[in-house]
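Reading the structure
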Amino acid sequence: MSEVKTILLAEDNPKDVELTMEALADSKLANQVVVVTDGVEAMDYLLTLGKYKTRKPGNPAAVILDIKMPRMNGIEVLRAIRAHECLKMIPVIMLTSSREEQDLIKSYELGTNAYVVKPVKFSEFVDAVKHIGVFWAMLNELPEWKTNEYTK
Amino acid sequence: MKIPSNITTKLIVMFFILTSCILAGAYFVYKGYEKDRLTEVEHILSSIAELKASQLVLWREERLGDAQIMYGNVAFTNLVRRYFKNPQDVEAKQHLQNWMAQYPQSAEYDQVRLIDTQGITRISIPARLSMSRDVSKEVQETFQTGKIQLVDFYRNEKDQRTYLGLIVPILDATAGKIVIGVMHLRINPEKNLYPYILHWPTPSLTAETLLVRRDGNDVLYLHNLKFSKDAALKLRISLQKTNVPSVMAVLGRIGIVKGIDYRNIPVIADVRPVKDSPWFLVTRIDLSEMEAPVREQFWLLVGFVLALIFATAAGLILLWRQQSIRFYQEQLRSAKALRESEDRFKKLFTEAPLGIALKDSLTGRIYEVNSMFAKIVGRKIDEVMQLNWMSITHPDDIQEEREHVAQLNAGEIHSFRMEKRYLHPDGSLAWINMTIASVKDQTHEHPCHLCMIEDITERRQQKMEIQRLNTELEQRVIDRTTQLQSANKELESFCYSVSHDLRAPLRHIDGYVDLLTTRCRDGLSDQGLHYLDTISDSARQMGILIDDLLQFSRTGRAEMKQEKVDMNKLFKEVQTTLKETYVGRNVEWIVADLPAVRGDYSLLRQVWANLLSNALKFTRTKEVARIEISVHREKEEFIFVVSDNGVGFEMRYATKLFGVFQRLHPVEKFEGTGIGLATVQRIIDRHGGRVWAEAEVDQGARFYFALPIFKEE
């Protein structure tokens, strides 16, 4: 592991961002967590567009998506990722308040890697986020060439 | 209407057959009778002939016998010799006369004489008799032969009578049998022979016996005949006439013959020779007499036959009359039936509620039309009859009808049906349903088209109206559906918001409370910590509420499957998932065998889960929890019962049980959101069932739900 990849967190609610960041901080991950506040920004980041035009190239280790976001929601982002030749291998975790079965089914149909409902109890929430971070950013292995090849 | 000739012919033939039978029968009867009669006559003739012939033979023998007495009589011979020697010997003469006198006294002889060798009559009785030439000839012969001679019938020249004679030679035995004289005995046939011959034993007009002999080339009749009083030795018939029975007899025929007699009259006769004589006996009777009874019989028969034929004819005529009466009755009946049938059909035609027309298939000329037809096309019958069919048809329908008619005329189809329009004289349209069938009609030149029409203008208008209404309705349904869909969408987005947005603040509350208690614990008093716990607890409680509410909302909206659900399996599954909620408790389960129902597996699962978790929850205070699951059938439903021995409830609140957020127990005692039973009711409602409960405080509760009986399709 020559380079520690980033984790992209798409979450519009700053309170949730804060709580999530707290949880991730608790897990002592080395990865940089990039926070975007909606789907459009998330795609900009992934495709190095807009304000992320100058960012360091390379796909994040994982993308954590809230479903309900302004402009472009999590499901749409997921669809765009899976449709994109260079992005489709990125692990995507839906981290959401929605227990709606439709959302669950849709997400899995589009190829999400995990679907986690945010628990109301904070301690449980922390546990969940920690597990996500540790699992996807540290334990999970990805085919190198695919994820690194994206340059545009 | 004439009686069929075959009946008449039959009867005539029958008449001829019967007549032929009668005639044939009569013919055979007649023939049989004729034959019988012939046989009878033949028999009579033969019998009489035989009798007479034998009598004649006997008579001749008797005559010769008479001669024999004298022939060789020595005493007599001596007397003759004595007398001839001495004519003066009176005694001898006297003796001779005595001898001789015996003969004329007999029935046969009327004369007797003694002739000497010179041919001189020496004694005769009666005295002084002359002798016929024939006899003297015979006498001369007897002197030569010395034998007894029977002189056959001859005619005496003097008295012109017929006699026979017997010449007896007198032989002198002493002088070497020299004939010394002869005795001549004259036989008078009138005395005995003729009456005998002429005698006929039965009454008869024409029957007689004839005695004939051959005389040269003729047949000579030897006595006077019944119809020829002077025939004796005079009547003769040439042997050339072979059809005369006498000739036949003489020429050697024996037996029954038919022929012409001496009177030239047809006769039947028995002919035969008389033995040891030149005689032939003809026993005859006129055919006419023989046939008289036959003829009589014939006429009788003719009468009888005529009567029979007449009777037959009468019978057959009677039969013919009966037949013809029956025939005419039949004719009358069928004519009546035909007329009735025609009337009925005419009535059917004229009064039919359908428009009916009969038209020529080629020219389109209308032959017949009923009033309904005229009414439908808006014209009078007379007008319709003059119409050109197509001229009143809507131009847009002409082509289709022509095509159908062409098919019909080509024999490809037998009938067709189409909806078309007729133009009324006032320009309005009549929609009609028309059926045209091809019919063979011998009264018309071409095949006909039977056309039936029904006015469907009103029906069509109604149909159009219905169509219009349907379209309108469809539009309304679409509109309403759109409204509903948007309402649903709103509801969904509401739920979504609830699920997502409502929970987020809760989570935040909990999160920050947690952060507060962990990171700023030092600045908080115990009281403060307690408050934070309460805040956190409330937030969690609201989270549960929101989840339950979402679940409840989803049960109402979720699509429901209709499948066979094995309630035993479902129950077991729910029981298993609930196990951890009663770990360490003493729970007694009494579960009946449950039937299958039709419904949605996951929804019914929620029913069981709610009811069982309730039962477990409200029995928590009991030492031994007793939960019984039973089921029974009532009419078309299965009624499932979940009973427990828990805390129960007051029945007056029973109706509140199934309301949303309704609770009958404080949360401190029994946790819960008050949504479970509302969910149960909603699900059972959606299955077409019912749900209700019974309970008493501290006496347990019984929850019932009824589901329609599952039927295999």
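Residues numbered from 1 in each chain as written. Chains lettered and ligands numbered in written order. Predicted model: local features only at pLDDT ≥ 70, side-chain atom pairs only at ≥ 80, totals over all residues.

1. So, the overall build of chain B
Along its length, chain B carries 15 helices and 23 strands. By the burial criterion, 27% of the 713 residues in chain B qualify as buried. (Helix = DSSP H or I, 4+ residues; strand = E, 2+ residues; numbered from the N terminus. Buried ≥ 20, exposed ≤ 12 C-beta atoms within 10 Å, placed from the backbone.)

2. Some points on the overall build of chain A
From N to C terminus, chain A includes six helices and five strands. For chain A, the residues scored as buried account for 38% of the 152 residues in total. Looking at chain A alone, contacts between residues at least 24 apart form 70% of all its contacts between residues at least 6 apart. (Contact = placed C-beta atoms within 7 Å.)

3. Digging into the packing of helix α14 (residues 601-618) of chain B against helix α15 (residues 676-686) of chain B
Residues and elements named next belong to chain B. The contact between α14 and α15 brings their axes to 9 Å, and the two run at 145°. When the axes of α14 and α15 are compared, the crossing they make is left-handed. From α14, L603, Q606, V607, N610, L611 and N614 reach across to α15, where they touch G676, L677, T679, V680, I683 and I684. Across the contact of α14 with α15, the residue classes break down as seven nonpolar, five polar and no charged. (Axes fitted to C-alpha atoms, helices over the stretch in contact; angles between N-to-C directions. Left-handed = near helix turned anticlockwise from the far one by under 90°. Nonpolar A, V, L, I, M, F, W, Y, C, P; charged D, E, K, R; others polar.)

4. Some details on the sheet that holds strand β20 (residues 624-634) of chain B
All names here are of chain B. Read across the sheet, five strands follow the order β18-β20-β21-β23-β22 without closing on themselves; strand pairing throughout is mixed. What marks the edges here is a single partner per strand, and that holds for β18 (586-591) and β22 (690-695). Strand-to-strand, the axes of this sheet are offset by a mean angle of 15°, without reference to chain direction. Looking at chain direction, β22 and strand β23 (residues 701-708) are connected through six bridges and run antiparallel. Paired with E694 across the strands is R702, a residue of β23. Relative to the sheet, α14 contacts β20, β21 (637-644) and β23, its axis offset from that of β21 by approximately 25°. (Pairing = 2+ DSSP bridges.)

5. Concerning the packing of helix α2 (residues 74-85) of chain B against helix α3 (residues 90-105) of chain B
All names here are of chain B. In the contact formed by α2 and α3, the axes pass within 9 Å of each other and the chain directions differ by 135°. Taken together, α2 and α3 sit at an angle that is classed as oblique. Relative to α3, the crossing made by α2 is left-handed. Residues F76, L79, V80, R82 and Y83 of α2 pack against A92, K93, H95, L96 and W99 of α3. Residues that form the contact of α2 with α3 fall into these classes: seven nonpolar, one polar and two charged. (Parallel < 35°, antiparallel > 145°, perpendicular 65-115°, else oblique.)

6. A few points about the nonpolar core
Residue and element names in this part refer to chain B. Membership of the largest hydrophobic core comes to 69 residues, with the highest contact counts inside it found for V212, F280 and L281. The element that contributes the greatest number of residues to this core is helix α1 (residues 5-70), accounting for seven residues. The contact partners of V212, leaving out residues within four places of it in the chain, are V219, L220, Y221, L222, S246, A249, V250, F280 and V282. Counting 39 residues, the second largest nonpolar core, distinct from the first, contains L570, I627, I629 and I684. (Core = buried A, V, L, I, M, F, W, Y, C linked by C-beta atoms within 7 Å.)

7. Observations regarding the environment of B:L251
All names here are of chain B. Its place among the elements puts L251 in the loop between α6 (245-250) and β9 (255-260). Sequence separation of L251 and V219 is 32 residues, and the distance between their C-alpha atoms is 9.6 Å. Sequence-distant contacts of L251, defined by excluding residues within four places in its chain, comprise L239 and T242.

8. Considering the pairing of strand β5 (residues 178-187) of chain B
All names here are of chain B. Across the 10 residues that make up β5, a large majority, seven, are buried. Pairing analysis gives seven bridges linking strand β1 (residues 109-116) to β5, with the strands arranged antiparallel. Each bridged residue has a counterpart across the sheet, and for R113 the counterpart in β5 is H184. Sheet analysis places strand β4 (residues 162-172) next to β5, joined by nine bridges and oriented antiparallel. Each residue of the ladder has a partner; that of L164, found in β5, is I187.

9. Thoughts on the interface of chain A and chain B
Each partner contributes to the interface: chain A provides 16 residues, whereas chain B provides 17 residues. Taken together, the elements giving at least two residues each to the side of chain A that touches chain B come down to α1 (14-26) and α5 (122-139) of chain A. Here the side of chain A that touches chain B gets four residues from one element, more than from any other, and that element is α1(A). In terms of residue class, the side of chain A that touches chain B is built from four nonpolar, four polar and eight charged.

10. Details of α1(B)
Residues and elements named next belong to chain B. With 66 residues, α1 ought to run about 98 Å at 1.5 Å a step, and its terminal C-alpha atoms sit 96 Å apart, in line with that. For α1, every residue scored as buried is listed here: V41, L45, I48, A49, K52, A53, L56, R63, D66 and M70. Looking one or two places after α1, you find G72, whose phi comes out positive at around 85°. (Expected span 1.5 Å × (residues − 1).)

11. Quick word on the confidence of the model for chain A
Residue and element names in this part refer to chain A. Averaged over all residues, the pLDDT of chain A equals 83, while 92% of them reach at least 70. Averaged over each element, pLDDT in chain A is lowest for helix α6 (residues 144-148) (52) and highest for helix α3 (residues 74-83) (92). Counted against residues more than four places away or in other chains, residues 147-152, with its pLDDT under 50, gives 11 contacts. (pLDDT = per-residue confidence, 0-100.)

12. Notes on the pairing of β9(B)
Residues and elements named next belong to chain B. Relative to strand β10 (residues 266-273), β9 runs antiparallel, the two being bridged by six bridges. Pairing of G259 across the sheet is with V267, part of β10. Adjacent in sequence and paired antiparallel, β9 and β10 are bridged by five residues, among which N264 carries a positive phi angle near 60°.

13. Description of the sheet that holds strand β3 (residues 62-65) of chain A
All names here are of chain A. With parallel pairing, the five strands of this open sheet are ordered in space as β2-β1-β3-β4-β5. Each end of this open sheet is capped by a strand with a single partner; those strands are β2 (33-36) and β5 (114-117). Across the sheet, the mean angle separating the axes of adjacent strands is 20° when strand polarity is ignored. Taken together, the four bridges between strand β1 (residues 7-10) and β3 define a ladder with parallel strand orientation. In the strand pairing of β3, A10 is matched with L65.

14. Some words on α2(B)
Residue and element names in this part refer to chain B. Between its terminal C-alpha atoms α2 stretches 16 Å, which fits the 16 Å expected from 12 residues at 1.5 Å a residue. Within α2 the residues assigned to the buried category are F76, L79, V80 and Y83. End-on view of α2: buried residues confined to an arc of 100°, all on one side of the axis. Counted as exposed and oriented over 90 degrees from the buried face of α2: V74 and K85. Considering only its buried residues, α2 is in contact with α1, α3, β1, β2 (121-125), β4 and β5. (Arc of directions from axis to C-beta.)

15. Comments concerning unusual backbone geometry
Cis geometry is found at the peptide bond from B:I125 to B:P126, where omega equals -10°. Locating B:P126 in the fold gives a position in the loop between β2 and α4 (133-145). The phi dihedral of A:R71 is positive, around 65°, even though this residue is not glycine. What makes A:R71 partly exposed here is the crowd of 13 C-beta atoms within 10 Å. Not every positive phi belongs to a glycine, and B:D276 is a case in point at roughly 55°. For B:D276, the location among the structural elements is in the loop between β10 and β11 (279-286). Exposure remark for B:D276: the 12 C-beta atoms within 10 Å place this residue in the exposed category.

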